[in-house]
Amino acid sequence: MSNVVDQSRWDDSYQHYQFHSQENALLTHEICRTLQAVGAVPRGRCFEVGCYPCGFLAALGKTYDLEINGVDITSVPFEPLYAWLDSQNVRRGEILRGDAFAVIDQLASKGQSYDLVYSLGFIEHFNNFLEVIDTHDKIVVPGGLLLIATPNFRGWLQHFLHNWLDRKNLEGHVLPSMDPALWARHLANRYDVLFAGHVGGFDFWDEPQQRTPLQKLALKVVDKTSGKLTNLPSHPSYAPYCLLIAQKKE
């Protein structure tokens, strides 16, 4: 399965990365809040698809006392990551390097399965995103949880701002994938969908790129404003994230 973003873009961003468990505190908060709201408490072993640099794994592992596992194709050395994870007092299982689809097929062929399988900001980089979701399903234990999250660039306000101020970032994402209702319909025969929707108040994130003076000024205004609006009720037009939580049928 072909990623619309070249892996070198991610590897370059990791060269001077400082590990921390609050990699995205807002999304972590929204995931935990929603899990609590739907009465789903992760237990046992979890697996993140596209896990590096493992900030989410560390946060979820500590919150729910999970054994953390994952896979990522990045070429950066894993030794500093292992040392950092061990310093976080989380139960580290296997953090595997390789193509996620090939690795998951190998795990499934060996009968490996996990109580929680998830990806955050992964499926939206693939045109065949529903097949990518099906890959996650291969290693979810019956009765286990599947969690998918992506940014929300489809909402009219988010799309307008990214199209104007963050076009390079926008073009690295497959917009039709950002549709939690579609994910829910796709999984309905195999899962009980506990939540499918948008989470978070208004927030806006961007990537460095060339901008005009007007765009730079507008981005400063948006950045200052977004910090004051994160507690707004979630709405598809401006919420920063799409989220699905589903339980695999026995």
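Preceding this section is the structure that the text describes.
What you see is a predicted model, and the numbers here were worked out from it, not measured in a lab. Think of each chain on its own: its residues are numbered from 1, step by step along the sequence as written. The model is predicted, so local features are restricted to residues of pLDDT at least 70 and side-chain atom pairs to those at 80 or more, both for listing and for counting; the totals for chains, interfaces and linings are taken over all residues. Only hydrogens and water are set aside; all other atoms, that is, all heavy atoms of the structure, feed into the side-chain values.

### Observations concerning the overall build of the chain
The helix and strand tally for the chain stands at ten helices and seven strands. Radius of gyration here is computed from C-alpha atoms only, and the compact-globule reference equals 2.2 Å multiplied by the residue count raised to the power 0.38. Against the compact-globule benchmark of 18 Å for 250 residues, the chain has a radius of gyration of 18 Å, which places it among compact chains. Taken along its principal axes, the extent of the C-alpha atoms in the chain is 55 × 40 × 35 Å. Accessibility here uses a 1.4 Å probe with only protein chains present; expressed as a share of the type maximum, an area under 20% marks a residue as buried, one over 50% as exposed, and anything in between as partly exposed. For the chain, buried positions account for 50% of its 250 residues. For the chain, contacts bridging at least 24 residues in sequence account for 78% of all contacts bridging at least 6. Lys and Arg are tallied as positive, Asp and Glu as negative. Neither His nor the chain termini are counted. By convention, the point assigned to a charge is CZ for Arg, NZ for Lys, CD for Glu and CG for Asp. In the chain, the 22 positive side-chain charges and the 28 negative ones have mean positions that sit 5 Å from each other. Counting from the N terminus, the helices are DSSP H or I runs at least four residues long and the strands are E runs at least two residues long. Note on contacts: a residue pair qualifies if any of its non-hydrogen atoms lie within 4.5 Å across the two residues.

### Some remarks on the pattern of salt bridges
Criterion for a salt bridge: a side-chain nitrogen of Lys or Arg within 4 Å of a carboxyl oxygen of Asp or Glu. According to the stated counting rule, one finds eleven salt bridges in the structure shown. Glu 67 is paired through a salt bridge with Arg 45; the nearest N and O atoms lie 3.1 Å apart. Of this pair, Glu 67 sits in strand β2 (residues 67-72) while Arg 45 is found in strand β1 (residues 45-49), placing the two residues 22 residues apart along the sequence. The exposure class assigned to Glu 67 is partly exposed, which follows from its relative accessible area of 22%. Judged by its relative accessible area of 25%, Arg 45 falls in the partly exposed class. Salt-bridge contacts for Asp 105 lead to Lys 138; the nearest nitrogen and oxygen are separated by 2.6 Å.

### Describing the nonpolar core
What makes a nonpolar core is a set of buried Ala, Val, Leu, Ile, Met, Phe, Trp, Tyr and Cys residues whose side-chain atoms join them at distances within 4.5 Å. Ranked by size, the top nonpolar core spans 34 residues in total, and within it Leu 85, Tyr 118 and Leu 147 carry the most contacts. Contributing elements (two or more residues each) for this core: α2 (25-37), α3 (55-64), α4 (79-87), β4 (114-120), β5 (140-151) and β7 (241-248). Dropping the residues within four chain positions of it, Leu 147 is found in contact with Ile 31, Leu 35, Leu 116, Val 117, Tyr 118, Ser 119, Leu 120, Leu 243, Leu 244 and Ile 245. Core analysis: the next-biggest nonpolar cluster, separate from the first, contains 31 residues, Ile 104, Leu 107, Val 132 and Ala 184 among them.

### Focus: the packing of aromatic side chains
The aromatic pairing rule takes the rings of Phe, Tyr and Trp, using the six-membered ring of Trp, and pairs them if the centres are within 6.5 Å, calling planes under 30 degrees apart stacked, those over 60 edge-to-face and the rest tilted. What the rule picks out here adds up to eight aromatic pairs. Here Tyr 52 and Phe 78 contribute two aromatic rings whose centre-to-centre distance is 5.9 Å and whose plane-to-plane angle is 10 degrees, an arrangement assigned as stacked. Highlighted residues: Tyr 52 in the loop between β1 and α3 and Phe 78 in the loop between β2 and α4, separated in sequence by 26 residues. Within the aromatic cluster, the residues linked to one another by ring pairs are Tyr 52, Phe 78 and Tyr 82. Note on geometry: a ring has a charge over it if NZ (lysine) or CZ (arginine) is within 6 Å of the ring centre and within 35 degrees of the ring normal. Note that Arg 97 overlies the ring of Phe 78, its terminal NZ or CZ placed 4.0 Å from the centroid.

### Notes on α3
Summarising burial for α3: eight of the ten residues are buried, a large majority. Those residues of α3 that sit buried are Gly 55, Phe 56, Leu 57, Ala 58, Ala 59, Leu 60, Gly 61 and Tyr 64. Downstream of α3 by a residue or two, Asp 65 has a phi angle that is positive, lying close to 55 degrees.

### A look at the state of the cysteines
Disulfides are covalent bonds that connect the sulfur atoms of two cysteines. Defined by distance alone, a disulfide is two cysteine sulfur atoms within 2.5 Å. All chains considered together, the criterion is met by zero disulfides. Cys 46 provides the cysteine sulfur closest to Cys 32, a residue in no disulfide bond, and the two sulfurs are 11 Å apart. Considering cysteine sulfurs only, Cys 32 is the nearest to Cys 242, which forms no disulfide, with 18 Å between them.

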